[in-house]
Every structure is written in C-alpha cells, then in structure tokens.
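Below are the chains, spelled out letter by letter.
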Amino acid sequence: MDTIIKWNSKHKERIEQLKGPAPNPRLKNMSPYLSGGTALDMACGLGGNSFFLAQMNYCVAAMDISDVAINYIQDYSVKNNLKLQSQVTDLTNLNNLNWPNSPYDLIVISYYLDRSLFPIVKNLIREGGYFFMETFYQSPLDENQGVSNQYKLKSKELLAEFGDWKVVFFEENEKEGRQTIFCKKY
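The text that follows walks through the structure, step by step, so that each part is easy to find. (Residues numbered from 1 in each chain as written. Predicted model: local features only at pLDDT ≥ 70, side-chain atom pairs only at ≥ 80, totals over all residues. Heavy atoms only, no water.)

1. Some points on the sheet that holds strand S1 (residues 37-42)
Going by this rule: DSSP calls a pair of strands paired once it identifies at least 2 bridges connecting them. In this text, helices come from DSSP runs of H or I with a minimum length of four residues, and strands from runs of E with a minimum of two, each type numbered from the N-terminal end. Orientation is described by axes fitted as lines to C-alpha atoms, over the contacting stretch for helices, and by angles from 0 to 180 degrees between their N-to-C directions. The contact definition used throughout considers only heavy atoms, calling two residues in contact when any of these lie within 4.5 Å.
Read from one edge to the other, the open sheet built from seven strands follows the order S3-S2-S1-S4-S5-S7-S6, with strand pairing classed as mixed. Where the open sheet ends on each side, the last strands, each with one partner, are strand S3 (84-88) and strand S6 (166-173). Direction aside, neighbouring strands of the sheet carry axes that sit 10° apart on average. Across six bridges, S1 lies against strand S2 (residues 58-64) in parallel orientation. By the bridge assignment for S2, Met42 is matched with Met63. Those strands touched by helix H3 (residues 48-55) are S1, S2, S3 and strand S4 (104-110), and its axis lies near 170° from that of S2.

Next up, the structure:
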C-alpha cells in the first residue's frame, strides 16, 4: 500500500474517534523547559504535540506526509487561533526539502524513525535549543508490537546519537517498547 494512502486512511479513522488531539505525556512533562520560540514538529500526525507547543508560546511548523492530517491541523489551528503553520511533507525525500535558514528552539519527533534525519535535526536546532524524540525500540519484553525492527531503535540508541548533548530526560520503557529522549544542544 502506498505510504500516503496508508496514513490518510489511518488519520481519517483517528479523526472520527478523536475527542481532541493530545500531546505526548513525556513532552508535556518537559513543560518547565518549554519557554516558547520556534518549534518544528516532524511527522506530526494529527498535531497533538503541535497544538500543545503553540499553546506554550511556540511558533510551530508542523510536517506530515498525510494531507488529511495537515488539513485537520490547519482547520483546528484556525478555530483555536494558534500560531501554527503546517505543510504536507515527505520526510523520506530529503533532497526536495527546503529547510529554513534560521535554527529552531525545539524539534519534536514522535513515533517516526528515519535515522537520516538525525544530522539534519542536529543542524536545525540552535545552540541552547532542545530535541524531543519518542518512538519504538527493540524491547526484549515487547517484540510483537506489529512494528518492523527497521522502525525501532536499538537499546540506548538515542543516548549514543545525542550523547554529546545535555540529556535532560531519557527513558527506555521495556513494557511499552518505547524510547524517549529530551536533550539540549550546547
């Protein structure tokens, strides 16, 4: 199945069941560090993190491959008067992406893994800025998540990748099969 069709279908189903998009709980726990500025939400889905960041005084750029998700975000942003720009973006086609000249204060990636984005993220975040990422990892307790190992981090992979940054929060939750990092570039 085509990736765009797959995600449009998933997001249509989620919109029908949705009471309101919710932010990632661990990102929400980082609120004391979130003082506003510019933020980029990559693979934003239906925008729960984007909306939360906009309410935390960030000017948010949200990207997703699904036009269904982006249209939902645009409508929600207008109705709720949020500072948010969203665009349909295929993050797998890095050659055609126009990255801004000014760096971001925060970049968020939640449940999307493309390791080729790591150097781009490192370049796009200003010194003193933050990076939050949470996605599946190859947990010994949760091998049958229905997610291919190709889309799962190895144990402590984010720590190794961002080890030269100040790690504010890191967790590997074996039961849930997820890995989370919140770190500061310096």
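2. As for the pairing of S6
Note that S6 and strand S7 (residues 178-184) share seven bridges and pair antiparallel. Bridging across to S7, Val167 finds its partner in Cys183. Hairpin connection from S6 to S7: four residues lie between these consecutive antiparallel strands, with Gly177 at a positive phi of about 65°.

3. Brief notes about the pattern of salt bridges
Cut-off, in case you're wondering: Salt bridge criterion: a side-chain nitrogen from Lys or Arg within 4 Å of a carboxyl oxygen from Asp or Glu. Remark: exposure states derive from per-residue accessible area (1.4 Å probe, protein chains only) relative to the maximum for the residue type, with buried under 20%, exposed over 50%, and partly exposed in between.
Enumeration according to the criterion identifies seven salt bridges in this entry. For Glu161, the salt bridge is made with Lys122, and the minimal N-O distance between the two is 3.0 Å. Remark: Lys122 occurs in helix H5 (residues 118-124) and Glu161 occurs in helix H6 (residues 157-161); sequence separation between them is 39 residues. Judged by relative accessible area, which is 28%, Glu161 ranks as partly exposed.

4. Quick word on the environment of Lys12
Tracing the sequence through the fold places Lys12 in helix H1 (residues 3-17). Taking relative accessible area as the criterion, Lys12 reaches 49% and is therefore assigned partly exposed. With 56 residues separating them along the chain, Lys12 and Val68 place their C-alpha atoms 6.8 Å apart.

5. Considerations on unusual backbone geometry
Within the chain, Asn81 stands out as a residue other than glycine whose phi angle is a positive 50°. Note on placement: Asn81 falls in the loop between helix H4 (67-79) and S3. Look at Asn81 and you get exposed, because its relative accessible area is 72%.

6. Some words on the packing of aromatic side chains
Here is the rule we go by: Note on aromatic contacts: the rings of Phe and Tyr and the six-membered ring of Trp form a pair at centre separations within 6.5 Å, being stacked when their planes are under 30 degrees apart, edge-to-face when over 60 apart, and tilted otherwise.
Going through the model one piece at a time under the given rule, you end up with nine aromatic pairs. Between Phe118 and Phe162, the ring centres sit 5.6 Å apart and the planes meet at 80°, which makes this aromatic pair edge-to-face. One end of the pair, Phe118, is in helix H5; the other, Phe162, is in the loop between H6 and S6, and 44 residues separate them in sequence. A relative accessible area of 3% places Phe118 in the buried class. Ring plane angle 80° and centroid distance 5.2 Å describe the contact between Phe162 and Trp165, whose orientation is recorded as edge-to-face. Each member of the pair, Phe162 as well as Trp165, carries the same accessibility label: buried. Here a set of aromatic residues connected by ring pairs shows up, and it is made of Phe118, Phe131, Phe162 and Trp165.

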